[in-house]
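Now for the letters of each chain:
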Amino acid sequence: GATMDHSLATGSCASCHEDDRPSSQHPQGPDCANCHTSDDGSWSASKGRRQGRGQERLDTLQAMLNLGLFYLAQGRYEDAESSFVQTQDATRRELGGTHVFNLHLMRGLGTAYLNEGRYDEAKRLLDEAYEIGSRILGEENWATLEVMNVQARLCTAQGRYAEAERLYLKTLDTQRRVLGREHPHTLASINGLAVLRTKQRRYEDARHLFHYVLETRRNKLGADHPDTLESKNDLAVLYREQGCHDDAEQLLLEAVKGRRLKLGDTHPHTLDSLNQIIDLYETWDKPEEAEKWRDKLPQTDSEQE
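A word on the overall build of the chain. Along the backbone of the chain there are 14 helices and zero strands. In sequence order, the chain lays out its α and β elements as α-α-α-α-α-α-α-α-α-α-α-α-α-α. By the burial criterion, 47% of the 305 residues in the chain qualify as buried. In the chain, once contacts between residues fewer than 6 apart in sequence are set aside, the share between residues at least 24 apart is 52%. Accessible surface, the chain as shown: approximately 14,100 Å² in total, 45% of it carbon and sulfur.

Below you can see the structure in the form of structure tokens.
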């Protein structure tokens, strides 16, 4: 399961998270100008912030978007959905339905729907977001590529493996060339492809990809970063599928501990790791261990009554 979507955690610049220099000098290049320059394209010398009558309007919408992204990262998908829908209505009133800012909203809302299992609604939004991104920004823009990444995750969840593979390989080909092999967006796509390879039972391919992502994330982000914990969790699932129970147990224990600390006991990703370790012990014919971990699952409201 995916952790926080850091590609969506925007700052003043919705494209590359930077606000201290003109868009032409940003890591993403002049494409940044498509979503955050003012009407006249001017910049202040101090912080490169937008000037002109659209600044306050865009800053308000950006703050609303960021609230939805915060809820999404917290695993509060219903709150995220409500926030994104409210922001989408405001964006259409202020900027129109075809403005590129809608792409970020549709991707966020589509991700919330995907995480909630509302696949048809997610597909409709993501297809529309891809159309906007490819038409306005181009297929090699980071934001369009991120939409394709979520589309690939959706296809994987739906069992549409051939389409997921096509999307991942197309996305990765561009990300490696434009962003580099160790960019967080590229690593997220490689991890997603590894999850797909696991489901396709192409275990050696999956293992190779997971190991690369885990080592890169561990070196760049640290052992307890949410992205690194995602890699540990997903590699453990592969090990369990292969019958490598000891290796799976070690990684899942680390994932559960780290996710509890970083995300909290009730976050969907923490619960996923808890359920994975329960499944591991049941597969391993260790019912007492499985029951011990089942007791650690947070009680629902109905169970507490």
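Don't stop here, the text continues.
This part is about the environment of Arg92. By secondary structure assignment, the location of Arg92 is in helix 3 (residues 77–94). Setting aside residues no more than four positions away along its own chain, Arg92 makes contact with Gly97, Asn102, Met106 and Glu128.

Counting across every chain of the model gives 23 salt bridges. The closest approach of N and O atoms between Glu230 and Arg217, which form a salt bridge, is 2.8 Å. With Glu230 in helix 10 (residues 226–242) and Arg217 in helix 9 (residues 203–221), the pair connects residues that are 13 residues apart, well separated along the chain. We note that Glu230, like Arg217, is buried. Across the salt bridge formed by Asp265 and Arg260, the nearest N and O atoms sit 3.5 Å from each other. On the basis of relative accessible area, Asp265 is assigned to the partly exposed category, the value being 42%. Exposure remark for Arg260: the relative accessible area of 30% places this residue in the partly exposed category. Here the salt bridges do not stand alone but share partners, grouping Glu81, Glu116, Arg118 and Glu121 into one network.

Calculation criteria
Residues numbered from 1 in each chain as written. Predicted model: local features only at pLDDT ≥ 70, side-chain atom pairs only at ≥ 80, totals over all residues. Heavy atoms only, no water. Helix = DSSP H or I, 4+ residues; strand = E, 2+ residues; numbered from the N terminus. Buried < 20%, exposed > 50% of the residue type's maximum accessible area, 1.4 Å probe, protein only. Contact = heavy atoms within 4.5 Å. Areas by Shrake-Rupley, 256 points an atom, 1.4 Å probe, with all protein chains shown as cover. Salt bridge = Lys/Arg side-chain N within 4 Å of Asp/Glu carboxyl O.

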